[in-house]
Amino acid sequence: MAPAARVLVTRPAPDAEATAGRLRAAGFAAVVDPMLVVEPLPGTSLPEGRFDAVALTSVNGARLLAGRAELAGLRALPLYAVGRRTAAAAPAGFAATRVAGGSGAALAELLRAELPPGARLLHVAGEDRAVDLGAELAEAGIDVGLFVIYRAVPARALAPATIAAIEGGQVGAAFHFSPRTAATLAERAHEAGVAARLAEVEHLCFSAGVAAPLRSAGWRTRIAATPSEEGLFALLKR
């Protein structure tokens, strides 16, 4: 895609603005329209019992854990993060931090390799999760307690500026970081009557799972070599 073409960014704030800034620095214009709004759930409780490790599978979970009172009792444990961005956003002070390759499958593989049968893992996450660590680790004899501290609420509609940019043929590509933002965009585009125009756009995706709802909509997708923002930018430059 040529510089000065617009890239649609639908991930939640504040990450959407950070991605847009990086796009602009690279010479691309950005259209920012978050398809999910992250809301903390302060009333949830930590599961009872002891834990041997903590797992984080999202940047939002990592950020919001920093404001939880329960964090003080978890810092003596090792932390397992799904990828580098999640690890960077996590609170400091854990006994050790281990970083997986950026996907739920890679995190599950790392946990199976490092935690013994009978271990108990605390999964800090949102209401909707891309990976079910309990199911992934059950055969390895690793028990998983779930600590839900946020939810992501879908946008009710596309912003008028986004619709105008799509209808005007000004959007040349879109970045997709999660299945939920991708699915929400497809739904809202259909409701706004611009789904056919988005079929002409290159949809650059973190993974095959992220691409799935877009392919179901009949849109062209390309998948990053690595599930990272760097992987999406590499696709954009090709």
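Structural notes, computed from the coordinates. Because the structure is predicted, anything quoted here is derived from the model rather than measured. Position numbers for residues count from 1 along each chain, tracking the sequence in the order it is written. Side-chain atom pairs in this predicted model are given and counted only at pLDDT of 80 or more, local residue features only at pLDDT of at least 70, and totals for whole chains, interfaces and linings cover all residues. Calculation of side-chain values draws on the structure's entire complement of heavy atoms; hydrogens and water are dropped beforehand.

## Section: the packing of aromatic side chains
Quick reminder of the rule: For this analysis, a ring pair means two rings from Phe, Tyr or Trp (six-membered ring only for Trp) whose centres lie within 6.5 Å, classed as stacked if their planes differ by under 30 degrees, edge-to-face if by over 60, and tilted for the remaining angles. Strands are runs of DSSP state E lasting at least two residues, helices are runs of H or I lasting at least four, and both sets are numbered from the N terminus onward. Between buried and exposed lies partly exposed: a residue is buried under 20% and exposed over 50% of the maximum accessible area for its type, with that area taken using a 1.4 Å probe on protein chains only.
Scanning all chains against the criterion turns up three aromatic pairs. Look at F175 and F233: their rings are 5.3 Å apart centre to centre, the planes differ by 70°, and that puts the pair in the edge-to-face class. One end of the pair, F175, is in strand β9 (residues 171-176); the other, F233, is in helix α10 (residues 229-236), with 58 residues separating them in the sequence. Side by side, F175 and F233 carry an identical accessibility label, which is buried.

## Topic: the pattern of salt bridges
Short version of the rule: Salt bridges are defined by distance alone: a side-chain nitrogen of Lys or Arg within 4 Å of a carboxyl oxygen of Asp or Glu.
Tallied over the full model, the rule gives 17 salt bridges. For the salt bridge of R180 with D128, the shortest nitrogen-to-oxygen distance reads 3.1 Å. On the criterion of sequence distance, the pair formed by R180 in helix α7 (residues 179-192) and D128 in the loop between β7 (120-126) and α5 (133-137) is long-range, its members being 52 residues apart. A relative accessible area of 45% places D128 in the partly exposed class.

## Some words on the environment of T221
Selection rule: Here, two residues are considered to be in contact whenever any of their heavy atoms come within 4.5 Å of each other. Pairs of N or O atoms within 3.5 Å make up the polar contacts considered here, provided that, within protein, one atom can donate a hydrogen while the other can accept it, and that residues adjacent in sequence are counted only when both atoms are side-chain atoms.
Mapping T221 onto the fold places it in strand β11 (residues 221-223). Taking the C-alpha atoms as reference points, T221 and A16, 205 residues apart in sequence, are found 20 Å from one another. Those residues within four positions of T221 in sequence are excluded, and the remaining contacts are H203, C205, A211, L214 and R215. Polar contacts involving the side chain of T221 include one to the side chain of R215, which spans 2.7 Å.

## Re helix α6 (residues 160-167)
The criterion, for reference: Here the arc refers to the set of directions running from the helix axis out to each C-beta atom.
Considered for burial, the residues of α6 that qualify are T162, A165 and I166. Viewed end-on, α6 has its buried residues packed into an arc of 100°, placing them on one side of the element. Away from its buried face, by an angle of more than 90 degrees, α6 presents the exposed residues P160 and A161. Residues of α6 that are buried in the fold lie against β1 (6-9), β2 (29-32), β9 and α8 (195-198). G169, located one to two residues past α6, shows a positive phi value of around 70°.

## A word on the nonpolar core
Quick reminder of the rule: The definition of a nonpolar core used throughout is a set of buried Ala, Val, Leu, Ile, Met, Phe, Trp, Tyr and Cys residues joined through side-chain atoms within 4.5 Å.
Among the nonpolar cores identified, the biggest contains 38 residues, and L23, F175 and L236 are the most heavily contacted of them. In this view, L23 contacts V7, V9, F28, A30, F175, F233 and L236; residues no more than four positions away in its chain are not counted. If you look at the next biggest cluster of nonpolar residues, it comprises 17 residues, including A55, V82, L121 and L133.

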